[in-house]
Amino acid sequence: MEDLLCKIRDCRICEDHLPMGPNPVIEASKNSKIVLISQAPGRIVHETGIAWNDQSGKKLREWLGVDNETFYNTENFAILPMGFCYPGKAKTGDLPPRKECAPMWHEEVWKEMENTRLKIVIGSYAASYYLPARSNLTQKVQNYQDFLPEFWPLPHPSPVNRFWRSKNPWFEEDVVPQLQKKIGKILAEK
């Protein structure tokens, strides 16, 4: 696994398309219990090299019901973005993740994982890739049970998504407590 992570972190395939240059962000262990399949690092994450080191990460940890120490322990959580590098700024939020990363690297990462109990699919890009059903992300999140035990879809925790959360209060009232219960159970397992 360490060799593969080094290979990914050294990747320069999209170098000419990245406004701030390549800085692939991935965290994993062969024993990671939960894999967070997300969009792509934001600007702050690109600058610090620390995944989910921003307001989105703060909200995600709140939804998962975990502290920083638990979250950043790769035996608990692996971080596997659809795009490993910051793609640049769009009118609202960031540009979509680069399309080269997931097909090039994800399958190799999965081959190294030996202990995964849950894959949390965060946002529409990851959901479209891993859960290609015809329903939209809101429907997938509402019907998360349909994807268990392997996957659990979530909206992106970005502050830009606050309007989605205000229009869908059922998510934080009903889904988040169930997610926290599931996460707690997995983390308690040896």
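Residues numbered from 1 in each chain as written. Predicted model: local features only at pLDDT ≥ 70, side-chain atom pairs only at ≥ 80, totals over all residues. Heavy atoms only, no water.

Time to look at the overall build of the protein. Within the protein one finds nine helices and four strands. Counting helices and strands in the order they occur from the N terminus, the protein gives α-β-α-α-α-β-α-β-α-α-β-α-α. Since a compact globule built from 190 residues should have a radius of gyration of about 16 Å, the 16 Å found for the protein is in line with a globular shape. With the C-alpha coordinates aligned to their principal axes, the bounding extent of the protein is approximately 45 × 40 × 30 Å. (Helix = DSSP H or I, 4+ residues; strand = E, 2+ residues; numbered from the N terminus. Rg over C-alpha atoms; globule rule 2.2 N^0.38 Å.)

Okay, helix α3 (residues 55-64) next. In terms of burial, α3 is a largely internal element, seven of the ten residues being buried. Of the residues that open α3, the one with a side-chain oxygen 3.3 Å from the backbone nitrogen of Ser56 is Asp54. (Buried < 20%, exposed > 50% of the residue type's maximum accessible area, 1.4 Å probe, protein only. Polar contact = N/O pair within 3.5 Å; in protein donor to acceptor, adjacent residues only side chain to side chain.)

Another aspect to go through is the packing of α3 against helix α9 (residues 170-188). At their nearest, the axes of α3 and α9 sit 7 Å apart, and the two run at 75 degrees to each other. By the angle class used here, α3 and α9 are roughly perpendicular. On the side of α3, the interface is formed by Lys59, Glu62, Trp63 and Leu64, while α9 contributes Phe171, Glu172, Val176, Leu179, Gln180 and Ile183. (Axes fitted to C-alpha atoms, helices over the stretch in contact; angles between N-to-C directions. Parallel < 35°, antiparallel > 145°, perpendicular 65-115°, else oblique. Contact = heavy atoms within 4.5 Å.)

For the rest of this paragraph, the subject is unusual backbone geometry. For the bond from Leu148 to Pro149, the omega torsion is 10 degrees, close enough to zero to count as cis. Despite not being glycine, Trp52 shows a phi value in the positive range, around 55 degrees. With respect to the helices and strands, the residue Trp52 is situated in the loop between α2 (43-48) and α3. Under the relative-accessibility criterion, Trp52 is labelled buried at 7%.

Aromatic rings in a pair are described by how distant their centres are and how their planes are angled relative to each other. Enumeration according to the criterion identifies ten aromatic pairs in this entry. Where Trp110 meets Tyr130, the ring centres are 6.2 Å apart and the plane angle is 85 degrees; that geometry is what we call edge-to-face. Of the two residues, Trp110 is situated in helix α5 (residues 101-112) and Tyr130 in helix α6 (residues 123-130); the sequence distance between them amounts to 20 residues. Centre to centre, the rings of Tyr129 and Tyr130 are 5.0 Å apart; their planes meet at 65 degrees, and the pair counts as edge-to-face. A relative accessible area of 38% places Tyr129 in the partly exposed class. Between Arg61 and the ring centre of Phe71, over which it is positioned, the NZ or CZ distance is 5.1 Å. Above the ring of Trp110, the side-chain terminus of Lys119 is found at 4.3 Å from the ring centroid. (Phe/Tyr/Trp six-rings, centres within 6.5 Å; stacked < 30°, edge-to-face > 60°. Lys NZ or Arg CZ within 6 Å of the ring centre and 35° of its normal.)

On inspection of all chains with the given rule, the structure shows nine salt bridges. The partner of Lys59 in a salt bridge is Glu172, with the nearest N and O atoms 3.8 Å apart. Remark: Glu172 occurs in helix α9 and Lys59 occurs in helix α3; sequence separation between them is 113 residues. For Glu189, the salt bridge identified is with Arg117, shortest N-O distance 2.6 Å. Remark: Arg117 occurs in the loop between α5 and β3 (118-122) and Glu189 occurs in the segment after α9; sequence separation between them is 72 residues. (Salt bridge = Lys/Arg side-chain N within 4 Å of Asp/Glu carboxyl O.)

Here we come to the packing of helix α1 (residues 2-9) against α5. Close contact between α1 and α5 brings their axes to 10 Å; oriented N to C, the two are set at 160 degrees. Between α1 and α5, the interaxial angle falls into the category roughly antiparallel. Crossing of α1 over α5 shows left-handed handedness. From α1, Leu4, Lys7 and Ile8 reach across to α5, where they touch Trp105, Glu108, Val109 and Glu112. (Left-handed = near helix turned anticlockwise from the far one by under 90°.)

Here the focus is the sheet that holds strand β4 (residues 151-154). Read across the open sheet, the four strands follow the order β2-β1-β3-β4; overall the sheet is parallel. Looking at strand neighbours, the two that pair on one side only are β2 (77-81) and β4, the edges of this open sheet. Strand after strand, the sheet turns through a mean of 20 degrees between neighbouring axes, direction not considered. Here strand β1 (residues 34-38) pairs with β2 via five bridges, running parallel. In the sheet register, Ile34 faces β2, and the bridge partner there is Phe77. Sheet strands touched by α5: β1, β2 and β3. Its angle to β2, the strand with the most contacts, is close to 160 degrees. (Pairing = 2+ DSSP bridges.)

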